[in-house]
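Residues per chain, in single letters:
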Amino acid sequence: WGMVLGAKATAGPGTQFFITSCGDGWGDKCKRYLADGNAFEQLDLMVSKEIKVVAYKLTFRLDILNVLNKTNYGKFDTWGGGPGNPQNAWGGDNPNAGKPMGLTGPMRTVKLGVKVDF
């Protein structure tokens, strides 16, 4: 069929980040804690086909990024909170401390490209 197929798998450990918590009080009583982020996993596929038309060569390419649509978090809430009613593992009052806030890498993305050689 004259097609080119390709795949790429990417995997890595979660990125560590620091959480600052002032649950014991402000100033010198604030502490930093090391936390682990989620692992990164992504599978990409590619297929391309070359076609000759008169004096031109057309190459069609289809890329599918993150085929499994894995959510890869890479940004986390790093504020542990201040003194008060402790609601998290770091003694602060921020219930969202350590929770994901953003993505690293795309969700499933499909790209179609055409290249013309003449």
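These numbers come from a predicted model, not from an experiment.

A. Molecular detail of the side chain of Asp 77. Mapped onto the secondary structure, Asp 77 falls in the loop between β6 (73-76) and β7 (79-81). The buried charged residue Asp 77 lacks any salt bridge partner; its closest oppositely charged side chain belongs to Lys 99, at an N-O distance of 8.7 Å. Here the side chain of Asp 77 touches Trp 79 through a polar contact of 3.1 Å, landing on its backbone nitrogen. With residues near it in sequence (within four places) discarded, Asp 77 still touches Phe 17, Ile 19, Asn 94, Asn 96, Ala 97, Gly 98, Lys 99 and Met 101.

B. Inspection of the pattern of salt bridges at higher detail. Applying the stated rule across the entire model yields 6 salt bridges. The shortest N-O distance in the salt bridge between Asp 24 and Lys 31 comes to 2.9 Å. Among the residues examined, Asp 24 registers a relative accessible area of 48% and is labelled partly exposed. For Lys 31, a relative accessible area of 39% gives the class partly exposed. Here Asp 63 makes a salt bridge to Arg 61, at a shortest N to O gap of 3.0 Å.

C. Summary view of the environment of Pro 106. Inspection of the secondary structure assignment puts Pro 106 in the loop between β8 (100-103) and β9 (109-117). Residue Pro 106 is classed as partly exposed on the basis of its relative accessible area of 31%. In this structure, the C-alpha to C-alpha distance between Pro 106 and Thr 71, residues 35 residues apart in sequence, is 8.3 Å. The contacts of Pro 106, once residues within four sequence positions are left out, are Gln 42, Leu 65 and Asn 66.

D. Up close: the state of the cysteines. Inspection of every chain in the model, using the stated rule, returns 1 disulfide. Note on cysteine connectivity: Cys 22 is disulfide-linked to Cys 30, with sulfurs 1.9 Å apart. A torsion of 110° about the S-S bond marks the disulfide between Cys 22 and Cys 30 as right-handed. Under the relative-accessibility criterion, Cys 30 is labelled partly exposed at 26%.

Reading guide: rules and limits
- Residue numbers run consecutively from 1 along every chain, following the written order of its sequence.
- Residue-level local features of this predicted model are given only where pLDDT is at least 70; pairs of side-chain atoms are given and counted only at 80 or more, and the full residue set underlies all totals for whole chains, interfaces and linings.
- By convention in this description, side-chain values take in all heavy atoms of the structure and omit both hydrogens and water.
- Where helices and strands are cited, they refer to DSSP runs of H or I of at least four residues and of E of at least two residues respectively, numbered from the N terminus.
- Between buried and exposed lies partly exposed: a residue is buried under 20% and exposed over 50% of the maximum accessible area for its type, with that area taken using a 1.4 Å probe on protein chains only.
- A residue counts as positive if it is Lys or Arg and as negative if it is Asp or Glu; His and the chain ends are not included.
- Just to be clear on terms, a salt bridge is a Lys or Arg side-chain nitrogen sitting within 4 Å of an Asp or Glu carboxyl oxygen.
- In protein, a polar contact requires one atom able to donate a hydrogen and another able to accept it; more generally it is a pair of N or O atoms within 3.5 Å, and residues adjacent in sequence count only if both atoms are side-chain atoms.
- Note on contacts: a residue pair qualifies if any of its non-hydrogen atoms lie within 4.5 Å across the two residues.
- Note that a disulfide, as used here, is simply two cysteine sulfur atoms within 2.5 Å.

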